[in-house]
Amino acid sequence: MSVAASDAVRPPIAAAGNAGSGTFAYCSQQYRVVFGAGTSARLGEEAERLGIKRALVLTTPEQQDLGRQLGAGLGDRLAALFAGARMHTPVEVTNEALRIVESRDIDGLIAIGGGSTVGLGKALSLRTGLPHLAVPTTYAGSEMTPILGETTNGIKTTQHSQDLVPDAVIYDVDLTVSLPPQVSAASGLNAIAHAVEALYAPDANPLTSLMAEDGIAALARALPRIMTGPADAGARRNALYGAWLCGVCLGAVGMSLHHKLCHVLGGMFNLPHAETHAIVLPHAAAYNAAAASEAMTRIARALRTDDAPQGLFDLAQRLALPRRLADIGMPEDGIARAAEMAVRSPYANPRPVERVAIQDLIAAAWRGDAPARH
Ligand code: NAD
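Residues numbered from 1 in each chain as written. Predicted model: local features only at pLDDT ≥ 70, side-chain atom pairs only at ≥ 80, totals over all residues. Heavy atoms only, no water.

**What about the overall build of the protein chain?**
From N to C terminus, the protein chain includes 13 helices and eight strands. Relative to the compact-globule value of 21 Å for 374 residues, the protein chain shows a C-alpha radius of gyration of 20 Å, a close match. Based on the C-alpha atoms only, the size of the protein chain along its principal axes is roughly 60 × 45 × 45 Å. Of all 374 residues assigned to the protein chain, the portion counted as buried reaches 55%. By sequence separation, contacts in the protein chain at least 24 residues apart represent 76% of the contacts at least 6 residues apart. Total accessible area on the protein chain is roughly 15,200 Å²; 51% of this is exposed by carbon and sulfur atoms. (Helix = DSSP H or I, 4+ residues; strand = E, 2+ residues; numbered from the N terminus. Rg over C-alpha atoms; globule rule 2.2 N^0.38 Å. Buried < 20%, exposed > 50% of the residue type's maximum accessible area, 1.4 Å probe, protein only. Contact = heavy atoms within 4.5 Å. Areas by Shrake-Rupley, 256 points an atom, 1.4 Å probe, with all protein chains shown as cover.)

Below is the structure:
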């Protein structure tokens, strides 16, 4: 196995996207990022920059103490705390928070937490037009995307709008230290999945490819260290930096087979989101390997290996993540049904999405095989 991959020369610009011609479009988003350890101490300053005088702080019930603690730093600018954020942004929760926005004369939103809390901030800013300051505490990356998934009566719908991207983001490395190692590992692998697919996206471009490769490298180095030392400041810093870059990738270019499969499997069998990503990713990469060789070179280089799918598989094993869909609740008789669903209206993908090969892929992930070219 070669280990000098990180020293290799980057591929030429012409090979960075899928087009191969060197022609691409790149759209940057309007947001401000403050990154570092202890940066949440600047919450008041950043709120002032956005003109927020009466802030509504948003958290999950589990993180309300953190909300109170950081909210205190806002002084007179703190108008209220709503600690009701929940997974998948249920509209009834959004409506409850909206009533507080209206009754307390709120003029700005501050989401402190993971993807669930940032999702609530997005849902509220979309409805009210209020400025949104996000303080992420996981590696989900929602704060960097123009995407909102909301749930109404258990049915999830997704919308895209540039207005959904928070106006400013404070990444405070110190706030991620409490994220349990196993949750960090799954969340980090989920972030890596965004970058892997960004490298072979139909609208890939040299800038997102740079971020994707660096994001994978930063997370792949940091996550094993977090497993043995959850308070390792350097590792936490690299992981959050990598998660930021991977979040940008998710927001900037289209996702392919891997995300479609995880969406189908998660929806059909109610599987845990991040673990499903960790199991499926090496197999999806193997499926696309021959059709996306430049992307594989970059992923392998980021992982310091010579085989991208196997490198992703080995990383997940090193992080003690589950390796079999069977172990996280998928029934064996679901394999064929999932394959059928996955080939219906597939996302754009480097290799055509074929029914039999997809069923083989899902079966391999169900059994926990090492990734093989299907
Ligand atoms: P989460 O926000 O649901 O958080 C999970 C739990 O961990 C919560 O109880 C939370 O309070 C707790 N937690 C968060 N940070 C912590 C910390 N530092 N220490 C201790 N506990 C902490 O989980 P998530 O994975 O960040 O987000 C998942 C949600 O985000 C899903 O609904 C997903 O669909 C959405 N998401 C959306 C996008 C997008 O672009 N729209 C991107 C990624 C994820």
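**A word on the domain arrangement of the protein chain**
With domains assigned, the protein chain is organised as domain 1 (32-176) and domain 2 (181-367). The distance between the C-alpha centroids of domain 1 and domain 2 comes to 27 Å. Facing the 16 residues of domain 1 at the interface are 19 residues of domain 2. Both sides together, the interface formed by domain 1 and domain 2 hides about 1,400 Å², and carbon and sulfur atoms give 72% of it. Summed over the shared surface of domain 1 and domain 2, the result is zero salt bridges. (Domains from an automatic or database assignment. Buried area = accessible area lost by both parts, 1.4 Å probe. Salt bridge = Lys/Arg side-chain N within 4 Å of Asp/Glu carboxyl O.)

**Points about the environment of N190**
Summarising the element assignment, N190 is placed in helix α5 (residues 181-199). Sequence spacing of N190 and T297 is 107 residues, and the spatial spacing of their C-alpha atoms is 20 Å. Apart from the residues within four sequence positions on either side, N190 is in contact with H273, A274 and H277.

**Overview of the packing of helix α8 (residues 257-269) against helix α12 (residues 334-343)**
At a closest axis distance of 10 Å, the pairing of α8 and α12 adopts a crossing angle of 130°. Between α8 and α12, the crossing angle belongs to the class labelled oblique. The crossing of α8 and α12 is right-handed. Facing α8, whose interface residues are K260, L261, V264, L265, M268 and F269, α12 presents G334, R337, A338, M341 and A342. (Axes fitted to C-alpha atoms, helices over the stretch in contact; angles between N-to-C directions. Parallel < 35°, antiparallel > 145°, perpendicular 65-115°, else oblique. Left-handed = near helix turned anticlockwise from the far one by under 90°.)

**What to know about the pairing of strand β6 (residues 147-152)**
With six bridges connecting them, β6 and strand β7 (residues 155-160) associate as antiparallel partners. Residue pairing across strands places I147 opposite H160, the latter belonging to β7. Where β6 folds back onto β7 in an antiparallel hairpin, the turn is made up of two residues, including N153, whose phi is positive at roughly 50°. (Pairing = 2+ DSSP bridges.)

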